[in-house]
Structure formats: C-alpha cells, structure tokens
Number of protein chains: 2
Amino acid sequence: MTDQLAPQPEQDPSSNAAAGAWDGIAERLRAGGLRWTPQRRTLVEVLRACKGHVTATELIGLCRERDATTTPSTVYRTLDVLEEFGLVKHGHGHDGREEYHVLPEQIHGHLYCEACGAVWEIRPETGAVIVAALEADLGFVIDLSHVTMAGRCEGCRD
Amino acid sequence: MTDQLAPQPEQDPSSNAAAGAWDGIAERLRAGGLRWTPQRRTLVEVLRACKGHVTATELIGLCRERDATTTPSTVYRTLDVLEEFGLVKHGHGHDGREEYHVLPEQIHGHLYCEACGAVWEIRPETGAVIVAALEADLGFVIDLSHVTMAGRCEGCRD
DNA sequence: CTTGCTATTGCAAGAGGTTGCGCTAGGCTT
DNA sequence: AAGCCTAGCGCAACCTCTTGCAATAGCAAG
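Rules of the game
In this numbering scheme, every chain counts its residues from 1 along its sequence in written order. Here chains are named by letter from A upward and ligands by number from 1 upward, in the order in which they appear as written. Local features in a predicted model are, by the rule used here, given only for residues with pLDDT of at least 70; side-chain atom pairs are given and counted only at 80 or more, and totals for whole chains, interfaces and linings are based on all residues. Hydrogen atoms and water are omitted, and side-chain values are computed over all heavy atoms in the structure. Strands are runs of DSSP state E lasting at least two residues, helices are runs of H or I lasting at least four, and both sets are numbered from the N terminus onward. Residue burial is assigned from relative accessible area. The probe radius is 1.4 Å, only protein chains are included, and a residue is buried under 20% of its type maximum, exposed over 50%, and partly exposed in between. Contacts are assigned to residue pairs that have any heavy atoms within 4.5 Å of one another. The protein chains shown are the only cover counted for residues, whose accessible areas, like all others here, come from Shrake-Rupley with a 1.4 Å probe. Near residues are defined by distance, with any heavy atom within 4 Å of the molecule or strand qualifying the residue. Each polar contact in these results corresponds to two N or O atoms within 3.5 Å; when the atoms are within protein, one needs to be able to donate a hydrogen and the other to accept it, and residues that are neighboring in sequence are counted only if both atoms are side-chain atoms. Polar here means any residue other than Ala, Val, Leu, Ile, Met, Phe, Trp, Tyr, Cys and Pro, which are nonpolar, and Asp, Glu, Lys and Arg, which are charged; Gly is therefore polar. The atoms used to superpose the copies are C-alpha atoms, taken from residues with pLDDT of at least 70 in both, and the fit is least squares. Any two cysteine sulfur atoms within 2.5 Å of one another count as a disulfide. Buried Ala, Val, Leu, Ile, Met, Phe, Trp, Tyr and Cys residues form a nonpolar core when they are joined through side-chain atoms within 4.5 Å. The salt bridge criterion pairs a side-chain nitrogen of Lys or Arg with a carboxyl oxygen of Asp or Glu, the two atoms within 4 Å. Summed over both partners, the accessible surface that disappears when two parts come together, traced with a 1.4 Å probe, is what is meant by buried area. Between any two strands, pairing holds if DSSP finds at least two bridges. Note on geometry: axes are C-alpha line fits, over the in-contact stretch for helices, and angles between N-to-C directions span 0 to 180 degrees.

Undergrad: What exactly am I supposed to notice about the overall build of chain A here?
TA: When you go through chain A residue by residue, the secondary structure sums to 5 helices and 7 strands. When the elements of chain A are put in sequence order from the N terminus, they spell out α-α-β-α-α-β-β-β-β-α-β-β. Across the 158 residues in chain A, those meeting the buried criterion constitute 44%. Within chain A, residue pairs in contact and separated by at least 24 positions form 57% of the contacts whose partners lie at least 6 positions apart. For chain A, the accessible area works out to roughly 8100 Å², and carbon and sulfur atoms hold 52% of it.

In structure tokens:
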C-alpha cells in the first residue's frame, strides 16, 4: 500500500496559487449569516498551508497540532461549509476514504494502480474526452475529480 | 437521498443469469484448500438470490434473516474470498460505501446524480471510449465498475 | 471412526465518518 | 456596554469496515 512511486506522479506546479482566495473568508461567512470561530480559523490556517490533496484524517491531525482540543465532527462540518464556498472539494480515494482538494483550480481525475499503489493524474485533454463521451451519451455532466478510478498502470498489467 | 427515479435506470435483463455459476463452489473452495462452512453457505444462498448490486450492509442484513448469529467480519472476509473466485466484485458507491456486483458478467460503470440521487448505467460503448482514452493516454487499464462517478444528469443541470 | 492440521469463526477493539442534542458564544441590535 | 438570537461547538452514540487473537470445527488422512 505504499504510495507515490509513479513515474509521472502528482505534479503540483502552481501549488498554493491563489493563496489570496482565502483572504476574505471571515467576511464572506458573516455575509451569509455564518460565523468566524477559532475552530474555523484553525482549519483555514491549516488548509492555506496545504497543496493539492489531503485526507480528512490528515487535516484533523494538522488541526490538533495547532489546537489539541480539535474534535473531528467540527472539522467535518467546517469542511462542508468551506465546500459550499468553493474553497475545498471532497472526493473519495480508491478505498472510498474521503480526501479533499484544496482550491480546486484545475479539475483533474486520478487513477490508482491496484498493483503498485501509485496514483496518477489524468491529463486534462484526456479528462475532457471522458466528460464529453458521457455528456454525448446521457447528457450527464460528471465531476471527474470526485472519485479515484482504479486499474493497472502500464508497468503492472501482466 | 432517495434512489431509483432514473428515467433510464438500472436495467438488469438477464439478471440472475448464469445462476449455475455458483454450483461448484463448495468443491472449488476445497480444491484450493479452503473450507465450506455454514456461514459461507448462508452468504452464497443470499447472493444467489441477488441481482446486480448490493451493499455490504444489505448483505449482512439478508444473512441475518437466515441466520441471526451472522457477524459482519465473517461476511466481509467471505466476500473477499468470493471475489478471488470472481463470483462478486466490490466497488464503491458515490459516498464511498462498499457495494458488490454479483456475477460481474458485463462490466459497466455507474453515474450518480448529486441533485436527484438517481443512479445511471454507462452504456458499454461509452465505457469503451473512456477505457480507450485512458489507455491511449497513460497505458492505464481501468476498471470502470470500481467506482461510481458523480455529477448531474440531464434533467438536473440548472 | 478417530486424529490432527489449520482455515475460519466470533469477539473485542479501533479507525474513519455521521448525527442528535444541550450548552456556548459569535456578532448584530439597541 | 448589555442583551438576544441562533450558528456552531463538544460530547456521546452509532454506523461501516478492518484487524488481532484465541477457540472452534472443516476435512483429509490413517
């Protein structure tokens, strides 16, 4: 189950780009009748320092480093709120566990190799082909980043 | 979160086709040094009566109807064994929960509409396009049936 | 039929995630 | 500066799934 051995793995060039996207949150929350609490502040600080993908468990761990009193339910609920504001987006890894995409700039899908455990990114052009195929078929517009598809990478198919 | 409202939902024409595929299991298990136990018998009886897809939770419930002493860990472990024999195949629903495909005759993917909750099947031809696109891109061979992709169906995209 | 090896079982504990509920405390109003 | 309304918090309980371990029971051999 070891990860990140892929020949062409997770590239994150403009990682924490648009870091300023977080700037107005306190105000944006209040504008919607929501509140800016210490717990939310902690989670947002953690997320600002994240690039790409994080699992919910990792986020809870990181929050606890800053505030040992962090409770899981609060983190999950805050993530739901942030998702409504478009600041994070949740998905499911190959095993169904939750993982969050921070600042989903460029939507891309993921492939998990069941044999070597590596995770690959689907190139945007290929993703576009997939999305187009489904739209042509059923008129369905999919969110390619919601799930990690499983299979076998080039080097692992017997 | 109600399901099965799709205009073109889950069709299962030859549902429990190849029901005979279950016939030799006891012997096949023994041939591999494994054992035929009452618990496995119960689960297989339940599976024989299933068509298409079932969640792990549903299976545990159905087993308990036949044998109230059924324990979850045994069911999960038996499902793993049956999967190695190709009799079932596990995947993950849109929310990451496990679901099993019984007698995976024709591999097909699923789409979940986040708005209306309906589940749609991806037509084999469309699935082939998707698989081909990924193979051409990265040489990756995916298992389209492992996950349920999420998005919005024709009637639900604003 | 009895014996013995070991695959399986059931239990208990634990990890990840969700939910209902009473109390706390943001933050707008006066 | 004080008060009120209610969003959000922490807790406890529950659900799904996994894993380690000791005891049980298939089943093949004698």
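Alright, that's what it looks like, and here's the rest.
Undergrad: I would appreciate a short explanation of the protein's contact with DNA strand C in the present structure.
TA: Neighbouring DNA strand C are 20 residues; A:Trp36, A:Tyr76, A:Glu98, B:Leu34 and B:Arg40 lie closest to it. When atoms of DNA strand C within 4 Å of the protein are sorted by moiety, sugar and phosphate together comprise 73%. B:Thr37 is positioned such that a nitrogen or oxygen atom in its side chain is 3.1 Å from a phosphate oxygen of DNA strand C. Elements represented by at least two residues in the surface near DNA strand C include exactly helix 3 (56–66) and helix 4 (72–84) of chain A together with helix 2 (38–48) and helix 4 (72–84) of chain B. Here the surface near DNA strand C is built from residues that sort into 4 nonpolar, 8 polar and 8 charged.

Undergrad: I would appreciate a short explanation of the side chain of B:His92 in the present structure.
TA: Mapped onto the secondary structure, B:His92 falls in strand 2 (residues 88–92). For B:His92, the side chain forms a polar contact with the main-chain oxygen of A:His94, separated by 3.2 Å. Not counting residues within four places of it along the chain, the set of residues in contact with B:His92 comprises A:His94, A:Asp95, A:Gly96, B:Arg97, B:Glu98, B:Glu99, B:His146, B:Val147 and B:Thr148.

Undergrad: Sorry if this is basic, but what is going on with the relation of the copies chain B and chain A here?
TA: Put simply, the second copy of the chain is the first one after a rotation about an axis and a shift along it. Rotating chain B by 179 degrees and translating it 0.0 Å along the rotation axis places it on chain A, where the RMSD comes to 0.1 Å. Both copies of the chain, as the preceding transformation shows, are related through a two-fold rotation axis. No C-alpha of chain B lies nearer the rotation axis than that of B:Gly96, which sits 2.0 Å from it. Most of the interface of chain B is mirrored in chain A, where 100% of its interface residues are also at the interface.

Undergrad: Would you mind going over the state of the cysteines with me for this structure?
TA: Put plainly, two cysteines are in a disulfide when a covalent bond ties their sulfur atoms together. All told, the structure shown has 0 disulfides over all chains when counted by the stated rule. Its sulfur unpaired, B:Cys156 is 3.6 Å from the next cysteine sulfur, which belongs to B:Cys153.

Undergrad: Explain the nonpolar core to me, please; I cannot follow it from the model alone.
TA: The nonpolar side chains of soluble globular proteins are, as a tendency, buried together. Judged by nonpolar contacts, the single largest core of 30 residues is most densely connected at A:Leu111, A:Met149, B:Leu111 and B:Met149. Listed by contribution, the elements that provide at least two residues to this core are strand 4 (110–113) and helix 5 (124–138) of chain A together with strand 4 (110–113) and helix 5 (124–138) of chain B. Among residues more than four places away in sequence, those in contact with B:Met149 are A:Leu134, A:Ile142, A:Val147, A:Met149, B:His110, B:Leu111, B:Tyr112, B:Ile122 and B:Leu144.

Undergrad: Can you walk me through the pattern of salt bridges in this structure?
TA: Working definition: two side chains of opposite charge can pair if their charged atoms are close together. Per the counting criterion, the structure on display carries 18 salt bridges over all chains. With its nearest N and O atoms 2.8 Å apart, the salt bridge here joins A:Glu45 to A:Arg66. You can see A:Glu45 sitting in helix 2 (residues 38–48) and its partner A:Arg66 sitting in helix 3, a full 21 residues away along the chain. B:Asp143 is paired through a salt bridge with B:Lys89; the nearest N and O atoms lie 2.5 Å apart.

Undergrad: Explain the interface of chain B and chain A here, please?
TA: Interfaces are often described in size by the accessible area the parts lose on coming together. The interface is formed by 36 residues belonging to chain B together with 36 residues belonging to chain A. Counting each side, the surface lost to burial between chain B and chain A is near 3000 Å², with a carbon and sulfur contribution of 65%. Summed over the shared surface of chain B and chain A, the result is 4 salt bridges. Residue B:Arg157 is joined to A:Glu135 by a salt bridge in which the shortest nitrogen-to-oxygen separation is 3.1 Å.

Undergrad: How should I be thinking about the sheet that holds strand 2 (residues 88–92) of chain A in this particular structure?
TA: Paired through their backbone hydrogen bonds, the strands of a sheet run either parallel or antiparallel. All names here are of chain A. Judged by pairing direction, the sheet is antiparallel, and its 3 strands sit side by side in the order 1-3-2 without closing on themselves. Edge positions in the sheet fall to strand 1 (53–55) and strand 2, since each has one partner strand and no second. The sheet shows a mean angle of 30 degrees between the axes of neighbouring strands, direction not considered. Where strand 1 and strand 3 (residues 98–102) come together, 3 bridges link them in antiparallel fashion. The partner of Thr-55 across the bridge, within strand 3, is Glu-99. The sheet contacts of helix 4 involve strand 2 and strand 3, and relative to strand 2 the element is tilted by about 115 degrees.

Any link to function would need more than the numbers given here.
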